[in-house]
Amino acid sequence: MSRSSRTKQARTAEATAKVVTGAIALSVVAVAVFVFVYIVYNGIGALDWTFFSEVPRDRGREGGILPIIVGTLYLIGATAGLTLPIGVLAGVYLAEYAPRNFTTRAIRLAITNMAGVPSIVYGLFGLAAFVLLAGFGRSIIAAALTLTCMTLPVVITATEEALRQIPQDLRQASLALGATRLRTIYKVVLPAAAPGIITGAILGLARAAGETAPILFTGAVFQMRRLPDGPSSQFMALPYHIYAQVTSVPDWNRELVWGTALVLVAGVSIVSVMAAWWRSVQRRKVKW
Amino acid sequence: MVSTLLVTGDGALSYDAGSVTLPRTVAQEGAASKAADLQGSFSLADVSVAYGRDRVIEGVSMYVPPRSVTALIGPSGCGKSTLLRCLNRMNDELGNVHVGGTITLDGADIMGRAMDPVELRMRVGQVFQRPNPFPMTIWDNVAYGPRTQGIRKRSELDELVEESLKGAALWAEVKNNLKKHAFELSGGQQQRLCIARALATKPEVILMDEPASALDPISTQQIEDTIAQLKDSVTIVIVTHNMQQAARISDQTAFMLRESLDEPAHLVEMDETRKMFTNPDDARTESYITGRFG
Ligand SMILES: Nc1ncnc2c1ncn2[C@@H]1O[C@H](COP(=O)(O)OP(=O)(O)OP(=O)(O)O)[C@@H](O)[C@H]1O
Ligand SMILES: [Mg+2]
């Protein structure tokens, strides 16, 4: 084969690959856009002042979803408060301190496996461990602890990965200035890794916000007349509300349920987009 | 208490054994050595280093006089960086590194348990091969060391930052932009920032591991000028692969060589740079310097 025909062949293959991968990427985007547009289309009509400011009436067919939004905010707030410190510290240990031995490998394997456990199993575990054994009862704290177990692997892994991305050079520079390892980590390494850690945390928490199974047995309720008033209070939550409406309310109000879904999706999206924006600002400053 | 350090003519050393004492605190040491005006001198006696079972350096003895530039030269892999890291105990951070022999800084043993590596590293700064500023502003970079030492007062930090940036010949270029992110500087400026950062802890010694090898000729020139200025106030130990650079900037030169991979590297010769480059005692030094191997 002459050189020019081989070049031509390579160019054709290149062009084909570009078209095929492009088409696939585009169809994925199309599906995502369709889902989003469908939710907005169905739910946008429900969004008015009443929807955000009132409690549900007539088993959810009327009224608003105020306690449901508040319940989810409390739940995710508590989950974040538990997950972030534990997850970041564990990630720091694994990336910065853990010796390379059997125990460390076992810990890492356990974390990987934790990430693969189905969420309903976490629900069952939460019921046994936090609701019954620890005696928290069905409550925000029991549900948050359950979601924490589910979210931890994501945050730990994200933290460890983010810390490993930080060049060794930087640690060396700090140590050579007389900083201790601890100071090096919290003054140099962690701030530099923050974008990656926060991305991971938001991914994990976004998933937690949308989960029904882990909160099903641990504290979510179908109907509450008042807002939750503390960590041991039961609560309503967005995903569970959708589930309960569709499965146990005859003639459920389509618009209100889609509106609830829209609130959930929009909330998660807004936080993700804000995180992505913040990260890109950081990235522009930080390039290795 | 002052330990007696006897330096014989050929750079070898001996101790008045009875007076080798625990290292004094930084403040005491600083005061004592300022009085003696003999600040930042290193003495190495029979230093050896092994990574696990791989012995890479053996039997290195040398004297690094204060307020001067000492160049470490030798072929790649002969342990120059390794030896340099002994001087601020950065080898400790690698794990599984064994350092033998004695190293003293102004008479105080730096390898004993009594010497806190954290304290040592404030007295012995380091500049690395690749510029590695922290992802922070210029000001924060320079203030990092002093803050680590516990200095909190803004005015004091401002002063140190200015002084250090002047010392690294960067002040004029950045004085109006101290809040700029360090990564926005050019490579050469970043390296001078790293020198300023090292200066800010007021070290007696600065170790430089090929500080200009990643830089363009003009930036290299600026780094060399900076080094020439600095040696009035600090001791500099510099690793370089550039023979002209060693000849230009150093007062004495040490040539290390690992004759084969089975045996550790050793110090072939150390002498005044002028002598090393014109009339070395050892034939291997001459052939390395003239580029016949390495
Ligand atoms: N962290 C380490 N672990 C194990 N071996 C190492 C380590 N660092 C260096 N070595 C080995 O020690 C020897 C000396 O390495 P060193 O980096 O000190 O050489 P060098 O003279 O600085 O070389 P170069 O001029 O290429 O920088 C080499 O054989 C190297 O493989
Ligand atoms: Mg080296």
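Residues numbered from 1 in each chain as written. Chains lettered and ligands numbered in written order. Predicted model: local features only at pLDDT ≥ 70, side-chain atom pairs only at ≥ 80, totals over all residues. Heavy atoms only, no water.

Novice: Help me understand the nonpolar core, please; the structure alone is not making it clear to me.
Specialist: The tendency in soluble globular proteins is for nonpolar side chains to be buried side by side. Residue and element names in this part refer to chain B. Ranked by size, the top nonpolar core spans 46 residues in total, and within it Leu165, Leu193, Ile195, Met208, Ile227, Ile236 and Ile238 carry the most contacts. Of all the elements, helix α7 (residues 187-199) adds the most residues to this core, at five residues. When neighbours within four sequence positions are excluded, Ile195 is seen to be in contact with Val127, Ala168, Met208, Ile223 and Leu230. Core analysis: the next-biggest nonpolar cluster, separate from the first, contains 30 residues, Met62, Cys78, Leu105 and Ile110 among them. (Core = buried A, V, L, I, M, F, W, Y, C linked by side-chain atoms within 4.5 Å. Buried < 20%, exposed > 50% of the residue type's maximum accessible area, 1.4 Å probe, protein only. Helix = DSSP H or I, 4+ residues; strand = E, 2+ residues; numbered from the N terminus. Contact = heavy atoms within 4.5 Å.)

Novice: Explain the sheet that holds strand β3 (residues 42-51) of chain B here, please?
Specialist: Strands belonging to one sheet form pairs held by backbone hydrogen bonds; the direction of such a pair is parallel or antiparallel. Taken together, the four strands give an open sheet; going across it, the order is β4-β3-β6-β7 (chain B), and neighbouring strands pair in antiparallel fashion. Two strands close off the open sheet at either side, each with one partner strand: β4 (54-64) and β7 (108-109) of chain B. (Pairing = 2+ DSSP bridges.)

Novice: When you look at the site of ligand 1 in this model, what are you seeing that I'm missing?
Specialist: Residues and elements named next belong to chain B. Lining the immediate environment of ligand 1, one finds 14 residues, of which Ser76, Lys80, Ser81, Thr82 and His241 sit closest. Gly77 has a polar backbone atom sitting 2.8 Å from an oxygen atom of ligand 1. Note that an oxygen atom of ligand 1 is positioned 3.4 Å from one of the side-chain N or O atoms of Glu210. In terms of residue count, helix α2 (residues 80-87) provides more of the shell around ligand 1 than any other element does, four residues in total. Grouping the amino acids of the shell around ligand 1 by side-chain chemistry returns four nonpolar, six polar and four charged. (Near = heavy atom within 4 Å. Polar contact = N/O pair within 3.5 Å; in protein donor to acceptor, adjacent residues only side chain to side chain. Nonpolar A, V, L, I, M, F, W, Y, C, P; charged D, E, K, R; others polar.)

Novice: Looking at this structure, I do not really get the pattern of salt bridges. What am I missing?
Specialist: If the charged atoms of two oppositely charged side chains come close together, the side chains can form a pair. Inspection of every chain in the model, using the stated rule, returns 27 salt bridges over all chains. A:Arg207 is paired through a salt bridge with A:Glu211; the nearest N and O atoms lie 3.5 Å apart. The exposure class of A:Glu211 is buried, given its relative accessible area of 14%. Ionic pairing is found between B:Glu58 and B:Arg55, a salt bridge with its closest N-O pair at 2.7 Å. Relative accessible area serves as the criterion here: at 31%, B:Glu58 is assigned to the partly exposed category. Through salt bridges with shared partners, one network takes in A:Arg108, A:Glu160 and A:Arg164. (Salt bridge = Lys/Arg side-chain N within 4 Å of Asp/Glu carboxyl O.)

Novice: Honestly, the side chain of B:Glu224 in this entry has me stumped. Any pointers?
Specialist: Residues and elements named next belong to chain B. Within the element layout of this structure, Glu224 appears in helix α8 (residues 217-230). In this structure Glu224 comes out as buried when scored by relative accessible area, which is 5%. Once residues within four sequence positions are removed from consideration, Glu224 is found in contact with Gln245, Arg248 and Ile249.

Novice: Looking at this structure, I do not really get the interface of chain B and chain A. What am I missing?
Specialist: When the parts of a complex come together, some accessible area is lost, and that lost area is often taken as the interface size. At the junction of the two partners, chain B supplies 24 residues and chain A supplies 22 residues. Summing both partners gives a buried area of about 2,000 Å² for chain B against chain A, and 63% of it is carried by carbon and sulfur. At the junction of chain B and chain A, the tally comes to two salt bridges. With a shortest N-O distance of 3.5 Å, A:Arg181 and B:Glu93 are connected by a salt bridge. Joining chain B to chain A, the criterion identifies five residue pairs in polar contact (both at pLDDT 80 or more). (Buried area = accessible area lost by both parts, 1.4 Å probe.)

Novice: What is the right way to look at the sheet that holds strand β12 (residues 266-272) of chain B in this model?
Specialist: Residue and element names in this part refer to chain B. As summarised here, the arrangement of the six strands in space is β8-β9-β10-β5-β11-β12, forming an open sheet in which the pairing is mixed. A single partner strand is all that each edge strand has here, and the edge strands are β8 (124-127) and β12. Put simply, the sheet's adjacent strands are angled 15° from each other on average, direction ignored. Two strands pair when backbone bridges link them, and strand β5 (residues 69-73) and strand β10 (residues 235-239) are joined in this way by four bridges, in the parallel orientation. Across the sheet, Val69 pairs through a bridge with Ile236, a residue of β10. (Axes fitted to C-alpha atoms, helices over the stretch in contact; angles between N-to-C directions.)

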